[in-house]
Structure formats: C-alpha cells, structure tokens
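# Topology and contacts: notes
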Amino acid sequence: MAALAELEPRARQILERERVVYEASNPRSREAFERSCRVLPGGVSRTLCYFPPFPCQTAYGEGCRVVDVDGHRRLDLFNCATTLILGHRPPVVVKAVEEQLGRGTAFQTNSGLETVLAEMLVDRVASVEQIRFTNSGSEGTQMAIRAARAFTGRPKVAKMEGGYHGTHDCVENSVRVPAGSGGPAEAPVAVAGSAGITPGVLNDVVIIPYNNLEAARRILAVHASDLACVIVEPILGSVGFVPAERDFLVGLHREATRLGIVFILDEVQSFRLDGGGAQKLFGIVPDLTCFGKIIGGGFPVGAFGGRRDIMALFNTATGGGSIPHAGTFNANPITMAAGIATLEQLTEPVYARLNRMGDGLRDRLKALGDRYSVPMYVSGIGSMFKIHFSAAPVRCYRDTLQSSSLIHTALFLFGLNRDVFLSEGGRCCLSVPIGDPELGEYLGVVEEFLAALTC
Ligand SMILES: Cc1ncc(COP(=O)(O)O)c(C=O)c1O
C-alpha cells in the first residue's frame, strides 16, 4: 500500500494540470463568475457552491446530468447536496408544479397540499404525530431546538462534533474543527464555525464525539440538568455520510430519554434512505425529527415534527401554545406539490434499488483502491458515499483529519474535466435515473485517476 505522503506530490501535479485544462475549457463559466463577483461576495450565495479556480455556471439539468454554460454535460453525483433523489426535472414533478402554477404560487391560507404532504410524512414516519413546514432544513432544526428549550425549560443543546444542522448560531459550530483546536477527543469543546457567534451562544452548546457512547454518557450526565436536547444525524453528513453505530445511536437515545433530554433526530439527509427514515432502520423513536431536501421535490423546504405534546407548543391559535412560528413561504404550495409528487414515487422498491446500487458501488470503489494499492476508505450508507484518501476507517470527525483532502481535490477537478460532477469535499450521492452505465462512467474516471496517481 502506498503512503499518502508519497501520493500527494503526484496529486499536486495532477491538480495543477487539471486546473489548466479546466480554465481553458470553461471560458463562459469564468466570465459568469467574474460578473457574479461584482455583486455577490465570493460570487455565490452558498459557501459550498464555490470551488477554485471558479465554479462552472449551470445552464440546465436533465435526469442525472447537469449541463453548464460551456456545454459540458456532466453526470451529477451530488444532486444539489442530496436533494434531487429523482434527478433533475423528473416529469411527474414538473407536471405537478405546472398544475399548481396554474392555480397560484403563494397564498395566505392552506392550499390543502400542506395537509396532504403532512399526512404522507405522518403516515410514513412512525415517530411523527404532527409536523410543521419551513423553508429550509436550517429553520427546521432551529424551531425543533426552540421547542425543546420551551418544553424542558432548559437552555443547553448537545450536538455532535462534525454534525451539521444548518446555518443558525447554536449549530454552526464544531462542524469543521481545525486540528488541535477542538480539545480532547473524548471531551471536545465547542468551536465557533463562523465569526459573529458569541461566547454566550457557545456557552449553551455541548459537544459529543460521534460513535463514542461512553463519552456521550459521561457528557450528558455532566450537563443533564441544563440540557434541553441532543440533536444528532443518524448519518454524519458533512464528515462523509458516516453512519452511526447502532449501539451508539440507540444508547444515546436511551440515555437522553432517561435524563429527560429531548432527542432530536436530524433526518434532513438521511430521509433518502427509507420511507420511514433512518429511524426505522435503527429502530428508534425520536421525540422530534427534522426534514428537508427530498421532501420539497427540488424546491426550498424544511420541516420538523414529532410528539404531539411537544408540537402542541406551536398551537398558538387555539391551543394555548407558546411558540409563534411565522414564515411567509412556509408550506409554499409549489414546494408542497413538488414534495407530494416526489414522495409518491418513493416506494419501497425504489429505495431498495437506490440503496443496493450504493452498496455495490462502495464495494467496487474499495476494490479499485486495493487494485491500485491506494489507501482509500469508502464511507457511506444507502445511496450516499465518500472516498477518503486514508488508510484508517472513519467513524467520527477526528478520523477525517488523517485523510488527504489534496488528493480528493485533484480527483474532483479530474472528474469535472471528464464530465463527472462530484462535490469538492468528496461527498456524493446517487439518484433514481442513474443505472449501471452511469456507475461505469464514474468508476472509469476513478480508475483513470488512480492509475494517474500511482504511475
Ligand atoms: C443534516 C442536515 N441538517 C440540516 C441542514 C440544513 O438544511 P438547509 O441547507 O436546507 O438549511 C442540512 C443541509 O445540508 C443537513 O445536511
């Protein structure tokens, strides 16, 4: 097996060569980016959308492909950060949206669609008795946390190191922690993920190392009387779709329940695993669940739901609830129509096929790493995966500090130049329109890259 230190100089050469090719073959995207930079800081409205030397500007999407303004037609293996489970412009969703466009785009009162989508989610997800819609996953986690605080009367929030729950102050921390700044691995400290987050906010945040039940129990016990909730993803998304170990998630849930701490499961991404959510696969019943991404069928969305007694806090109109929940576009009828049309397609065989494809792909990627003697760990579950250029398995955030992001960046640009769109950070996912030929295309590019890396 080659050492990463030996491979990195070669990766740097590949990166430099691919960068030159990318710059030469994407003149329109470069021009579009320069224009954007005049009015948008960094040329984008989402941090993740930028990559050096400049992002390609999308012209349109079609099935499992995205086409950019320079005419490159790429296999999309990021699907708007896992959102587009049916791919781009699935005809059933386009039809539902067009029909709703003919009726109106935004109303002050329920269009009926909101109730239908809520019913679908309540029927599918056993723990969800009632639900509210938001415009983003971030708003969903924010409201769920507020509900937990109101319900328990306690101020603090426990989250995982490496856990991502959106952009609001109390969760935008300890997501990507620079090496050496997060405190001891068994007792991490909260590290602000952005300037502008106050010490007061951080003081209310407790950090737990993922997949370490012993440490989690100890940390929960220390803060129990102050903890409103623990919020956790069943699959640690930003770390590379690293699944929770069953004992960890079940144990964390049990301990939180024993201590009267509201257990919030963030299924914004993991809901693409199963109609009942990852919670069904893990056999747990969270107090609250957060949703987003796929439930909006490609339109802006989020949701939070769960126990009726907690959700009753939002019944300010007739039930004496104490949490107002506004939002001009909450449950927007276009989003609701797209969400319903999407969930209607997501039957058990559809999930099963996607998940099987992911399992097969991970096996084939591992086999490629072995064939080229490149230290590669492939994390993921179901249709989500990530290659880590690392000899060690990845079970939590700190494990990623040993992997080479340089090699991945080289693979990303190498892929772009060969019409495969990965994510710069390496996280990828499949969509329904993908089949064996597309998997073959991707694996071919990875193999070509590994050959170049080791030649
Ligand atoms: C697990 C998880 N929670 C919350 C969010 C925030 O969702 P949004 O980007 O819609 O605000 C994300 C977004 O990627 C996520 O992956």
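Structure: see above.
Now for a look at the structure at hand.

Rules behind the numbers
Residues numbered from 1 in each chain as written. Predicted model: local features only at pLDDT ≥ 70, side-chain atom pairs only at ≥ 80, totals over all residues. Heavy atoms only, no water. Salt bridge = Lys/Arg side-chain N within 4 Å of Asp/Glu carboxyl O. Helix = DSSP H or I, 4+ residues; strand = E, 2+ residues; numbered from the N terminus. Buried < 20%, exposed > 50% of the residue type's maximum accessible area, 1.4 Å probe, protein only. Core = buried A, V, L, I, M, F, W, Y, C linked by side-chain atoms within 4.5 Å. Domains from an automatic or database assignment. Contact = heavy atoms within 4.5 Å. 1 Å grid on protein atoms, 1.4 Å probe; cavity = no way out; pocket = protein on both sides within 12 Å on 5 of 7 lines; lining within 4 Å. Points joined across faces, edges and corners; volume = space filled by probe spheres on them. Lys, Arg positive; Asp, Glu negative; His and termini not counted. Polar contact = N/O pair within 3.5 Å; in protein donor to acceptor, adjacent residues only side chain to side chain. Phe/Tyr/Trp six-rings, centres within 6.5 Å; stacked < 30°, edge-to-face > 60°. Lys NZ or Arg CZ within 6 Å of the ring centre and 35° of its normal.

Scanning the entire structure with this criterion turns up 20 salt bridges. Linking Glu62 and Arg73 is a salt bridge whose minimum nitrogen-to-oxygen distance equals 2.9 Å. One end of the pair, Glu62, is in strand β1 (residues 58-62); the other, Arg73, is in strand β3 (residues 73-76), and eleven residues separate them in sequence. Residue classification places Glu62 among the partly exposed positions, given a relative accessible area of 35%. Put simply, Arg371 and Glu447 hold a salt bridge, and the shortest N to O gap is 3.1 Å. Of this pair, Arg371 sits in helix α14 (residues 348-371) while Glu447 sits in helix α16 (residues 436-454); the two residues are 76 residues apart in sequence, bridging distant segments of the chain. Through salt bridges with shared partners, a single ionic network connects Arg17, Glu18, Arg418 and Glu448.

On to the nonpolar core, then. A general tendency of soluble globular proteins is for nonpolar side chains to be buried together. Judged by nonpolar contacts, the single largest core of 80 residues is most densely connected at Leu365, Phe389, Tyr442 and Phe449. Looking at this core, you find at least three residues from each of domain 1 (34-85 + 348-454) and domain 2 (91-345). Apart from residues lying up to four places away in sequence, Tyr442 is in contact with Leu75, Leu77, Leu361, Leu365, Phe385, Ile387, Val420 and Leu422. If you look at the next biggest cluster of nonpolar residues, it comprises 39 residues, including Leu236, Val242, Ala244 and Val394.

Scanning the entire structure with this criterion turns up one cavity of 30 Å³ or more. When its volume is computed, the largest cavity comes out at roughly 50 Å³. In terms of lining residues, the largest cavity is bounded by Thr83, Leu84, Ile85, Leu86, Gly87, Pro90, Val93, Gly297, Gly298 and Thr342. The residues that make up the lining of the largest cavity include at least three from each of domain 1 (34-85 + 348-454) and domain 2 (91-345).

Glancing now at the side chain of Asp70. By secondary structure assignment, the location of Asp70 is in the loop between β2 (65-68) and β3. Among buried charged residues, Asp70 stands out as having no salt bridge; its nearest opposite-charge side chain is Arg28, 4.8 Å away. A distance of 2.9 Å separates the side chain of Asp70 from the backbone nitrogen of Ser29, its partner in a polar contact. The residues contacting Asp70, other than those within four sequence positions of it, are Ser25, Asn26, Pro27, Arg28 and Ser29.

Under the defined criterion, the tally for this structure stands at eleven aromatic pairs. Each ring, one from Tyr210 and one from Phe248, has its centre 5.4 Å from the other, and the planes form 65 degrees; the classification is edge-to-face. With Tyr210 in the loop between β6 (205-208) and α8 (213-223) and Phe248 in helix α10 (residues 246-258), the pair connects residues that are 38 residues apart, well separated along the chain. The class for Phe248 is buried, based on a relative accessible area of 2%. Arranged with centres 5.3 Å apart and planes meeting at 70 degrees, the rings of Phe414 and Phe449 form a pair that is edge-to-face. Taken together, the residues Phe414 in helix α15 (residues 405-416) and Phe449 in helix α16 connect sequence positions 35 residues apart. Phe449 shares its class with Phe414; the two are buried. Arg418 extends its terminal NZ or CZ atom over the ring of Phe414, reaching a point 3.5 Å from the ring centre.

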